[in-house]
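# Understanding the architecture of this molecule
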Amino acid sequence: MSRGKGSNIFSGYRALALCCNQVPHVVRFHQKHREFYLVTAVGAVFHTYNVKRLGIVAVSNALPEDITCLAADRMLVFAAHGSSVKAFARNKEIVHTYKGHNAEVHLLLTFGDHMISVDRDNRLSIWDVQSEEEYLQLNFDKIMFTISAILHPSTYINKILLGSQQGSLQLWNIKSNKLLYTFQGWGSGVSVLQQAPAVDVIAVGLTSGQIIIHNLKYDEMLMKFQQDWGPITAISFRTDGYPVMAAGSPVGHVGLWDLEEKKLVGQMREIHTTAVSGLTFVHGEPLLITTGEDNAIRVWIFDAPEGGGRLLRCRMGHSAPPTKIQYHGSDGQNILSSGRDGTLQSFSTLHERFNKSLGQGSINKKKSKKKGLKYDTMKLPPITTFASETARQSYWDGIVACHQGYLISTTWNYQKTSMGAHKLEPKRFFKDRTLDVYSTAVDITSCGNFVIVGLSSGHVDVYNLQSGIHRGQYGKEKAHEGQIRGVAVDGLNQLTITAGGDKMIKFWKFKSKELIYTTTLDASPASILLHRDSGMLAVAVDDFKIAILDSETRKFVRRFTGHHNQINDMTFSPDGRWLITASMDCTIRTWDLPSGCLIDCFLLDSAAVSITMSPTGDFLASAHVDDLGIYLWSNKTLYNIISLRPLPADYQPSIVMLPGMCQQQELETSDDEEEVEDQMIEYDSSEQLGEQLVTLSLLPESRWKNLLNLDVIKKRNQPKEPPKVPKSVPFFIPTVPGLVPHFAAVEQQTAEDQSKVVNLGILAQKTELYMRLEGAVNTNNYDLAVKLLKGMGPSNIDIELRGLAPEGGGSLEVMLSFLQMISYMLESKRDFELAQAYLALYLKLHLKVIAVEPVLVEEMSKVSVLLEETWMRMQTLFNQSMCLLGYMKSALL
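Residues numbered from 1 in each chain as written. Predicted model: local features only at pLDDT ≥ 70, side-chain atom pairs only at ≥ 80, totals over all residues. Heavy atoms only, no water.

### Observations regarding the overall build of the protein
Quick note on the threshold: A helix here means a DSSP run of H or I that spans at least four residues, while a strand means a run of E at least two residues long, and both kinds are numbered starting from the N terminus. Summary of the burial criterion: residues with accessible area below 20% of their type's maximum are buried, those above 50% are exposed, and those between are partly exposed, where the area comes from a 1.4 Å probe applied to protein chains only. What sets the accessible areas is the Shrake-Rupley method with a 1.4 Å probe; for residues, cover comes only from the shown protein chains.
When helices and strands are counted, the protein shows 10 helices and 60 strands. When each of the 893 residues of the protein is scored for burial, the buried share is 49%. Total accessible area on the protein is roughly 46,200 Å²; 52% of this is exposed by carbon and sulfur atoms.

Quick look at the structure:
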């Protein structure tokens, strides 16, 4: 059995559409930057946003478990997970770890150089931040006093205030480890403790919905407020000169209370669809930050005279898991996502500020606005599938969506970020709307003018997107007997392909609606996906198999098996070579269409419900069961040399964690594995693949192509004026001419070697090529001579060949040897273009000498025969290839 090591192609990059959760946020002030930052927990990591623009600044390293609570001081951010607490520096790196609890930590408080943590076993620990040592430990009886809130009252040195589920409060001195005072409470559990701007005054939020403003010094209740929305979840005070207190609730409302007039001055209703988990007024500014379990961060500004807040900026994702995701446009920068919360949203892969929310689907917008979200009976059910096209989105709606169990298909406008102008409904169901018929599949033509909608009744309708008018249907009565499982239109609006629950796939003429071809499957298709550029249709079947159908030949060209559960989604790579599939067996598999093999497979903790590949091929995006995030996987083949080999039939994929869900650990590979990887990456090609093949050299064209025109080039490059000798010539170390400059060796002569008699042998010195050609006459091995010529430049080659003739200091034997070297190169079929270039220059320089020497003429005739044989063979191969290419281009398959 072959075990996998994760994905060969995809690597976890980052998570999108995650902003916050039920953990209360923390707002901290950076002294150096003079700016406020917001820290929110998202699963096992926390995000840091700047309040000014609400742009994400940093994402922390992941923890082994989900974060349960947060706290921060001026330098560090503290995050609890399970029974441990970690301290992060620079919003990213873990610098301290505090271990000692035996139960889950649910409360944290920073206290000068100390940090206080409380766990579910009612144990309170005080830690020294730097030394990580436990300074003090307090244990409380769960029956008498279960800690539910903790606060350090302002100006109360070494004192903390604890609130309990039983309703009482205790004031402790942690230096002397003494209980100073017990406040009896108000008959209800304490959920929130918050310091008021005034000294000695705190706000106590109770589970009964009451808010108590209490004076600690005199144990006196100053005022009391009641909210009817359930327990108080968060409290905050304005500090910019207005005596206003805000209180959060479990239903998403926030109440605003005037502390001077002791009355409710405003209600911010439905600012979150779930409980308000965090609520903070920015110090000295009229800004209120709210976070909720609905995965939304909102900043409200209080600049209106009536005192209410208006939305200033927002970051939000889905409050329920996504149902389908798809890249929008050809730039690969935006992902459209529909969720179970009924919203359609667009998430940018570049920056959160480009995110868009197209809103909640509604039958009647005007009535919905009057009633509000909570009481909206006009709300449409969640979107199950949608199609988008950018071709005409500037003129009319470019997105069409099908809703769960709903007949009408809705249009959406991406640029206006709202629902569109049309609701597409076939007239045949006007008389009887009680029929259980709903839209199941949709596709938009590449021109953006028409939309095809498939229904559960087997009907397939065509609409005009600009006007919303019904333009016909496929089939006399129905297109299929069963439910429509998928529809697709080719890139030229010639073919419409429909798949039904009757196990049939039908091809129709797009314009005339005429049935062209029908093919039957072994089982009902679950979904279909058409790659418009290549015409390949992927069909996911209910028996967990995948079939690839060529839309031009109408034949099945590939069949893939390997999934063990329902196939949720499919996507093609931009070039159509890969088909990537996601299944309920928690695997994502990549199939190579040309080879028909599985080339990548990896296992996840939760099944992917939808996947989409970027049009640029750089990312794969996935959405998962019961997960609010959209996860990006980078394509490693774009920036790395990856050897993709077919995976064996018994391949067992290993689990890969979602991006941002695990600590980044360096993979340790053995020496053997590294050697194998090196062999896969670096392929050392042999000098000649086969003796019958003609092999070219690897030299650039500039080294041999201009040998015949060298005299013309030299004449053209001749300087107009002679070079001027500088007055003071600097010292240069002499170099040897050549392609690679070498310093000339200094020859030291002794007194005995020096002589006034001229040695004529030095004047007639033979070149290295001359000596190589002389030596090769007997051995018939010209490899060294060819290697020497390959290392020379065009000018050097010209000089060397001129010196082969007798009038240039050469001999007939060397000229004959050069022709034999050309024959050797042609027979070995190596460096073919060099042999042609050298021979052409040789004939140009020495044609007159060859013509009068019988020995050279005889050798030249042998070279001519070799040349003709080689060229005839190459011409035959060229003709065969051209014929085959011409046939493939023109033949009708």
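So much for the structure itself; the text now carries on.
### A few points about the sheet that holds strand β17 (residues 169-173)
Put simply, the rule is: When DSSP locates at least two bridges between a pair of strands, those strands are taken to pair. Think of each axis as a best-fit line through the C-alpha atoms, taken over the contacting stretch in the case of a helix, with angles from 0 to 180 degrees between the N-to-C directions.
Taking strand neighbours across the sheet as the criterion, the 4 strands line up as β15-β16-β17-β18 in an open arrangement whose pairing is antiparallel. Both edges of this open sheet fall to β15 (147-151) and β18 (178-183), since each of them pairs with a single strand only. Shown here is a sheet whose adjacent strand axes are inclined to one another by a mean of 25°, direction ignored. The sheet contact formed by β15 and strand β16 (residues 159-164) spans 4 bridges and is antiparallel. Within the sheet, the bridge partner assigned to Leu-151 lies in β16 and is Leu-161.

### Focus on the packing of helix α6 (residues 783-790) against helix α8 (residues 812-828)
Packed helix pairs are characterised by how far apart their axes lie and by the angle those axes make with each other. The condition is simple: For classification purposes, an angle smaller than 35 degrees is called roughly parallel, one larger than 145 roughly antiparallel, one from 65 to 115 roughly perpendicular, and anything else oblique. Contacts: residue pairs with any heavy atoms within 4.5 Å of one another.
Running from N to C, α6 and α8 point in directions that differ by 90°, and their axes come no closer than 10 Å. In this view, α6 runs roughly perpendicular relative to α8, as classed from their interaxial angle. Across the interface between the two elements, Asp-783, Ala-785, Val-786 and Leu-789 of α6 pack against Phe-818, Met-821, Tyr-824 and Met-825 of α8.

### Topic: the pattern of salt bridges
Selection rule: Note on definitions: salt bridges are taken to be side-chain nitrogens of Lys or Arg within 4 Å of carboxyl oxygens of Asp or Glu.
According to the stated counting rule, one finds 20 salt bridges in the structure shown. In this structure, a network of salt bridges that share partners links the residues Glu-389, Asp-443 and Arg-532.

### As for the sheet that holds strand β7 (residues 69-72)
The strand order across the open sheet formed by 4 strands is β7-β8-β9-β10, and the pairing between neighbours is antiparallel. In the strand order of this sheet, the two ends are held by β7 and β10 (93-99), each with one partner. The mean inter-strand angle of the sheet, taken between neighbouring strand axes irrespective of direction, is 25°. With 4 bridges connecting them, β7 and strand β8 (residues 76-81) associate as antiparallel partners. In the strand pairing of β8, Ala-71 is matched with Phe-78.

### A look at the pairing of strand β38 (residues 418-424)
Most of β38 sits out of view: 5 of its 7 residues are buried. Hairpin connection of strand β37 (residues 409-413) to β38: 4 residues between the antiparallel strands, including Thr-417 at a positive phi of 50°.

### Considering the nonpolar core
Here is a general trend for soluble globular proteins: nonpolar side chains tend to be buried in one another's company. Heads up, the rule is: In this text, buried Ala, Val, Leu, Ile, Met, Phe, Trp, Tyr and Cys residues form a nonpolar core when linked through side-chain atoms within 4.5 Å.
Counting residues in hydrophobic clusters, the biggest one holds 41 residues, and the most contacted among them are Leu-773, Phe-818, Met-821 and Ile-822. Elements with a minimum of two residues in this core: α5 (768-779), α6, α7 (794-802), α8, α9 (832-852) and α10 (854-890). Take this core: its biggest share by element is 10 residues, from α9.

### What to know about α7
One turn of the α-helix equals 3.6 residues, which is why residues spaced by three or four share an orientation. Rules: When we speak of the arc, we mean the arc of directions from the helix axis to the C-beta atoms.
Regarding α7, the residues found buried are Pro-794, Ile-797, Asp-798, Glu-800 and Leu-801. End-on, the buried residues of α7 take up no more than an arc of 165°, which puts them together on one face. For α7, the secondary structure elements touched by its buried residues are α3 (710-716), α5, α6, α8 and α9.

### Considerations on the packing of aromatic side chains
Inclusion rule: The pairing test for Phe, Tyr and Trp rings, Trp by its six-membered ring, is centres within 6.5 Å, and the orientation test on the planes gives stacked under 30 degrees, edge-to-face over 60, and tilted for anything in between.
Per the counting criterion, the structure on display carries 19 aromatic pairs. Considering the side-chain rings of Phe-140 and Trp-172, the 5.6 Å spacing of their centres and the 85° angle between planes classify their relative orientation as edge-to-face. With a gap of 32 residues between them, Phe-140 in the loop between β14 (134-139) and β15 and Trp-172 in strand β17 connect regions that are remote in the sequence. Like Trp-172, Phe-140 is buried. Between Tyr-181 and Phe-183, the ring centres sit 4.8 Å apart and the planes meet at 70°, which makes this aromatic pair edge-to-face.

### Considerations on the packing of α8 against α9
Going by this rule: Two helices that cross are described as forming a left-handed crossing if the nearer one is turned anticlockwise from the farther one by less than a right angle, and a right-handed crossing if clockwise. Three categories are distinguished: nonpolar for Ala, Val, Leu, Ile, Met, Phe, Trp, Tyr, Cys and Pro, charged for Asp, Glu, Lys and Arg, and polar for the others, with Gly belonging to the last.
Running from N to C, α8 and α9 point in directions that differ by 155°, and their axes come no closer than 10 Å. One element, α8, and the other, α9, form an angle in the roughly antiparallel class. Taken as a pair, α8 and α9 cross one another with a handedness that is left-handed. From α8, Leu-812, Met-815, Phe-818, Leu-819, Ile-822, Met-825 and Leu-826 reach across to α9, where they touch Phe-832, Leu-834, Ala-835, Gln-836, Tyr-838, Leu-839, Tyr-842, His-846 and Val-849. By residue class, the composition of the contact of α8 with α9 is 14 nonpolar, 2 polar and no charged.

### With respect to the pairing of strand β44 (residues 495-500)
With 6 of 6 residues buried, β44 lies mostly within the body of the structure. Burial along β44 is two-sided: the residues Leu-495, Ile-497 and Ala-499 and Thr-496, Thr-498 and Gly-500 are all buried. For strand β43 (residues 484-489) and β44, the ladder comprises 5 bridges, and the chain directions are antiparallel. In the sheet register, Ile-484 faces β44, and the bridge partner there is Gly-500. In sequence, β43 turns back onto β44 through a hairpin of 5 residues, with Asn-493 there showing a positive phi of about 55°. Examined bridge by bridge, β44 and strand β45 (residues 504-509) share 5 bridges and lie antiparallel to one another.

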